[in-house]
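Residues per chain are reported as follows:
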Amino acid sequence: MSYAVLSDVHGNLEALQAVLKHIRKSGPVDEIFFLGDAVGYGPNPDECIALLEDSCDELIAGNHDRAVLGLVDVERFNVYAKAAVRWTDDTISSKSRAALQNYSLVKNLQAKDALLVHSTPFEPEQWHYMFSALDAEPGFLHFTQRFCFIGHTHRPFVAELTAAGQLVSHSQNAPINKDSRYVINAGSVGQPRDGDPRACYALVDGQGVRFERVPYDVQATQQKMSKAGLPEPLVQRIAMGR
Ligand code: ZN
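Since this is a predicted model, take the numbers as computed values, not measurements. (Residues numbered from 1 in each chain as written. Predicted model: local features only at pLDDT ≥ 70, side-chain atom pairs only at ≥ 80, totals over all residues. Heavy atoms only, no water.)

Caption draft 1: Seen up close, the overall build of the protein. Secondary structure assignment for the protein yields eight helices and twelve strands. Relative to the compact-globule value of 18 Å for 242 residues, the protein shows a C-alpha radius of gyration of 17 Å, a close match. In terms of overall dimensions, the protein has C-alpha extents of about 55 × 35 × 30 Å along its principal axes. The burial tally for the protein puts 57% of its 242 residues in the buried class. Sequence separation of 24 or more characterises 71% of the internal contacts of the protein that already satisfy a separation of 6 or more. Between the mean site of the 23 positive side-chain charges and the mean site of the 29 negative ones, the protein shows a separation of 3 Å. (Helix = DSSP H or I, 4+ residues; strand = E, 2+ residues; numbered from the N terminus. Rg over C-alpha atoms; globule rule 2.2 N^0.38 Å. Buried < 20%, exposed > 50% of the residue type's maximum accessible area, 1.4 Å probe, protein only. Contact = heavy atoms within 4.5 Å. Lys, Arg positive; Asp, Glu negative; His and termini not counted. Charge placed at Lys NZ, Arg CZ, Asp CG, Glu CD.)

What follows is the structure, encoded as structure tokens:
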């Protein structure tokens, strides 16, 4: 068993292409999961949705995807995120909109004993944040599967709850231990916020979780963002990884 877990692409086609190429190069994975926020912030929402639809086996919705559909109140977004949602809403095709409408908030993968959710297993429609393993600890009460995969904060981590009830925090790679349960934040493909601007995704197999960092042509994305008239702070931040 091996799978790749991607989250928070946010319309960044160069980052998504680099990650998919990296997955193919790293050796075959059985499946690819996408944890939401295909759009928002970046200049290529239609292309990203099409590529995700082609490449991923399971897809769920993030708050930006829902906001573009008018299902999340953008007043909860900051001024730049709001502007990007409006830009995306004006830009995307009806085909992309129909694809986004298909994505559910959570997905239970019975065969993998895993739950996929963009924000948190507790009240997923409220879009709470889990920034660290410590934040994740109460979350273990709100799902029954062995694995819960999340995104939303754009910062990767693994929270392990051992059979003895001890919380172990992994900021990098983590072993998969037989009797432990896990909350795994896959980080962000298109707009990392942990100080490393390279695209991030998680590779999971029977042994462990590995976060891969993939360089991509950030400047190409930035140029497209500027040309599209997306807010300058959003253009700057992808080069900084914050
Ligand atoms: Zn996001």
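Caption draft 2: Quick look at the pattern of salt bridges. In the structure shown here, the tally under the stated rule is ten salt bridges. Through salt bridges with shared partners, one network takes in Asp194, Asp196, Arg198 and Arg213. (Salt bridge = Lys/Arg side-chain N within 4 Å of Asp/Glu carboxyl O.)

Caption draft 3: Representation of the pairing of strand β5 (residues 114–117) within the structure. By the alternation rule, side chains of β5 split into Ala114 and Leu116 and Leu115 and Val117, which are all buried. Relative to β5, strand β4 (residues 106–109) runs antiparallel, the two being bridged by four bridges. Each bridged residue has a counterpart across the sheet, and for Asn108 the counterpart in β5 is Leu115. Counting the residues in the hairpin turn of β4 and β5 gives four residues, including Asp113, whose phi is positive at 55 degrees. Pairing of β5 with strand β6 (residues 147–150) involves three bridges; the strand directions are parallel. Bridging from a neighbouring strand, Ala114 pairs with Phe147 of β6. (Pairing = 2+ DSSP bridges.)

Caption draft 4: Summary view of the coordination of the zinc ion. Donor atoms from the polypeptide that bind the zinc ion are Asp8 (OD), His10 (NE2), Asp37 (OD) and His154 (NE2), placed at 2.0 to 2.5 Å. In this structure, the zinc ion is surrounded by four donor atoms whose angles at the metal cover 86 to 176 degrees, and the resulting shape is irregular. (Donors = N, O, S within 2.8 Å, 3.2 Å for Na, K, Ca; no water. Tetrahedral: all angles 85-135°; square planar, octahedral: opposite > 155°, others 65-115°.)

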